[in-house]
Amino acid sequence: MQLNREELLKAYQGMCMIREFDDAVHYEFAADAMPGFVHLYVGEEASAMGICMNLNQKDTIASTHRGHGHCIAKGCDVTDMMKELYGKKDGICGGKGGSMHIADLSKGMLGANGIVGGGPPIVLGAALTYKTKKTNNVSVGFFGDGASNQGSISESMNMASVLKLPAIFVCEDNGYAESTAREYAVGGKILDRGKAFGLDSHEVDGDNFFEVYETAKHVIENARNGKGPALLHIKTSKVYGHFEGDAISYRTKEENERIKNDEDPLKIFKMKVTEAGLLELDQLEKIENEAKAKIKNAIDESKKAEFPTSKDLLTDVYIKY
Amino acid sequence: MSLKTYREAINEALLQEMQKDKNVVVIGEDVAGGAGTNGEQDAWGGVLGVTKGLLKHFGRERIIDTPITETAIMGMASGAALTGLRPVAELMFVDFMGVCFDQILNQTAKFRYMFGGKAVTPLTIRTMYGGGLRAASQHSQCLYPMFTHVPGIKVVLPSNPYDAKGLLIQSIRDNDPVIFMEHKNLYDTSGDVPDESYTIPFGEANFTREGKDITFIAMGQTVEICNKVADTLKKEGKTSTVLDLRTLSPLDEDSILEAAEETGKVVIVDESYPRCNIATDISALICQNSFDSLKAGIKMVTPPHTPVPFSPPLEDLYLPSEEKVINTAREIL
């Protein structure tokens, strides 16, 4: 294991923060306290953290509609994010984006995305910038098993391969595109699609932080060194449904229980590091409590924050009124 | 100053901006041509030769030939603009927006507003539009009303070589996404163009004729049609105002109202499909703001609401022409 104690703590802090953030959003949304559509990342935390811990601040990512985890893993402020979800003026996008459009360019976060398969073409551009300016940065495009069937994903993998761009494509396969199973909707194998375009392609157990981290490290280092793009097919699962309010009737009770009990990346991480004597249980519990407190505070502050006003409606576009 | 074609003016704008700013890159299908072949490099320089010759100055690192993959081109250009380049992407024919519109409509057009003003997207999309080449339904459309409908992108329609150079340089330097639309029938037209670099500001329409009896409002190729009609009417003792909109977004509303009020008789000539097009939009604008100064109902010359036909006599019947414009003008003169 290559990670030192500090890095292990950081990994768990990040995963806990994502878990607490989206669990809290789940309850707030159910209580009718939050506007709009939200899609939660609970159960997939190891993917965002395992990938993003291999990135620096100048590297970029483009995310999906299920983007809160990626934003947190890339360093976006959770209070600013929460304010955005409540549509407040001091939100990370001034209340103009909402859950599906969280972006912070100063952190290399090029935006969550309301369009399935919308992000990877944008990642090509960031990667082109790094290639043209000869920096050794990389750009990572997240998408799901549903988006894997969009032409934009195939086009992006091909273009990255043709131009040998430092672009990493990360398919977070949680088994369902909305209510439709991967087994129904994906012809052939997602991994083979990457191979077909000449990408260095790997299948990864998304419940295991360490496997994600190690595989991501390998392909990201290669991309930095001019060896071109890669595809990671991350097998994962999500605790909640497609969106909040989804009754998830398309999944069986047994499957829901299995996802919660046996496929929880935080539990698996905790078990691995305590069994190996790398971190202590009380240390991990302290992290969990800190994350809880931080998110509770973010919600309190967000509820108190001001909404934008009519003056804000007409700014940030070029048309003058 | 020297005589240059519309094609040469665009090429010169690209050359000069790329020399000035190393962040400017050209991205598109066959923008150089011959990639991966043993034959001529720069074989095409764009399908109608507009980018020909740039390769020898800037190499394949800045004149980037792509596969035929419009979604990836538009996405790559948008992402590159978002992260520090100033790309000029080519959408070969505007008709092909059908395969990549998401990246324009939902991505690049939205970044600045949706991200709370923090995103800068200095992207120029060059594209060919318009009829007259017998290119049929999928290679002859205008479609600029569809872009104009979308907030967050600027829409530029140069009508002559001078404007083409100045407006393209402005487009490249602009920090918002711009759709720069080149009428394929104009490539071989020529006019005086300064050799040095210059810009023409957006949102400033150009009065190409000033008169008292009737006003023509035009854009792109229809400007020259209206200029010729104005010259014919002058011989008959009627003077005309012709307004070239130059940019559809932002739109120079003040000049449109001024031009309409000057004569009280307005003909709008628009090559795009007649429903929800620029002519209907401007007509509404004039009615809302200058109704009392109108002396006749506003007239429009547009194609019929059909796809662009292939057969030469049909396409001639379809497109706005000098004859149609002058006949329409006479109805209200």
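Residues numbered from 1 in each chain as written. Chains lettered and ligands numbered in written order. Predicted model: local features only at pLDDT ≥ 70, side-chain atom pairs only at ≥ 80, totals over all residues.

Engineer: How should I be thinking about the interface of chain A and chain B in this particular structure?
Structural biologist: For an interface, size is often stated in terms of accessible area lost upon the parts coming together. Counting residues at the interface gives 34 residues for chain A, matched by 36 residues for chain B. Listing elements by their share of the side of chain A that touches chain B, those giving two or more residues are α5 (119-133) and α6 (151-163) of chain A. If one sorts the elements of the side of chain A that touches chain B by residue count, α5 of chain A sits on top with 10 residues. For the side of chain A that touches chain B, the class distribution of residues is 16 nonpolar, 14 polar and 4 charged. (Contact = placed C-beta atoms within 7 Å. Helix = DSSP H or I, 4+ residues; strand = E, 2+ residues; numbered from the N terminus. Nonpolar A, V, L, I, M, F, W, Y, C, P; charged D, E, K, R; others polar.)

Engineer: Would you explain the domain arrangement of chain B in this entry?
Structural biologist: Residue and element names in this part refer to chain B. We note that the domain assignment places domain 1 (2-193) and domain 2 (206-332) within chain B. The interface of domain 1 with domain 2 comprises 25 residues on the first partner and 23 residues on the second. When the residues that make up the side of domain 1 that touches domain 2 are grouped by side-chain class, the tally is 12 nonpolar, 10 polar and 3 charged. (Domains from an automatic or database assignment.)

Engineer: Quick question: what am I supposed to make of the sheet that holds strand β6 (residues 154-156) of chain B here?
Structural biologist: Residue and element names in this part refer to chain B. With respect to topology, 7 strands assemble into an open sheet ordered β3-β2-β4-β5-β7-β6-β12, the strand pairing being mixed. One side of each edge strand has no neighbouring strand; the edge strands of this open sheet are β3 (63-65) and β12 (247-249). Taking the axes of each pair of neighbouring strands and ignoring which way they run, one obtains an average angle of 20 degrees across the sheet. Here 6 bridges tie strand β5 (residues 124-129) to strand β7 (residues 178-183), and the two strands are oriented parallel to one another. Bridging from a neighbouring strand, Y129 pairs with H183 of β7. (Pairing = 2+ DSSP bridges. Axes fitted to C-alpha atoms, helices over the stretch in contact; angles between N-to-C directions.)

Engineer: Before we go on, may I ask you to explain the packing of α6 of chain A against helix α3 (residues 70-82) of chain B in this structure?
Structural biologist: Each pair of packed helices gets described by two things: the angle between the helix axes and the distance between those axes. Interhelical geometry of α6 of chain A versus α3 of chain B gives an angle of 70 degrees and a closest axis separation of 8 Å. Classified by the angle their axes make, α6 of chain A and α3 of chain B are roughly perpendicular. Counted together, G151, S152, E155, S156 and M159 of chain A of α6 of chain A and T71, A72, G75 and M76 of chain B of α3 of chain B form the full contact between these two elements. Residue classes in the contact of α6 of chain A with α3 of chain B are distributed as 3 nonpolar, 5 polar and 1 charged. (Parallel < 35°, antiparallel > 145°, perpendicular 65-115°, else oblique.)

Engineer: Explanation requested: the packing of helix α1 (residues 5-30) of chain A against helix α2 (residues 45-52) of chain A in the structure shown.
Structural biologist: Residue and element names in this part refer to chain A. As a packed pair, α1 and α2 sit with axes 9 Å apart at the nearest point and diverge in direction by 140 degrees. In terms of orientation, α1 and α2 fall into the oblique class. The chirality of how α1 crosses α2 is right-handed. Of the residues in α2, those in contact with A11, G14, M15, I18 and R19 of α1 are E45, A46, A48 and M49. (Left-handed = near helix turned anticlockwise from the far one by under 90°.)

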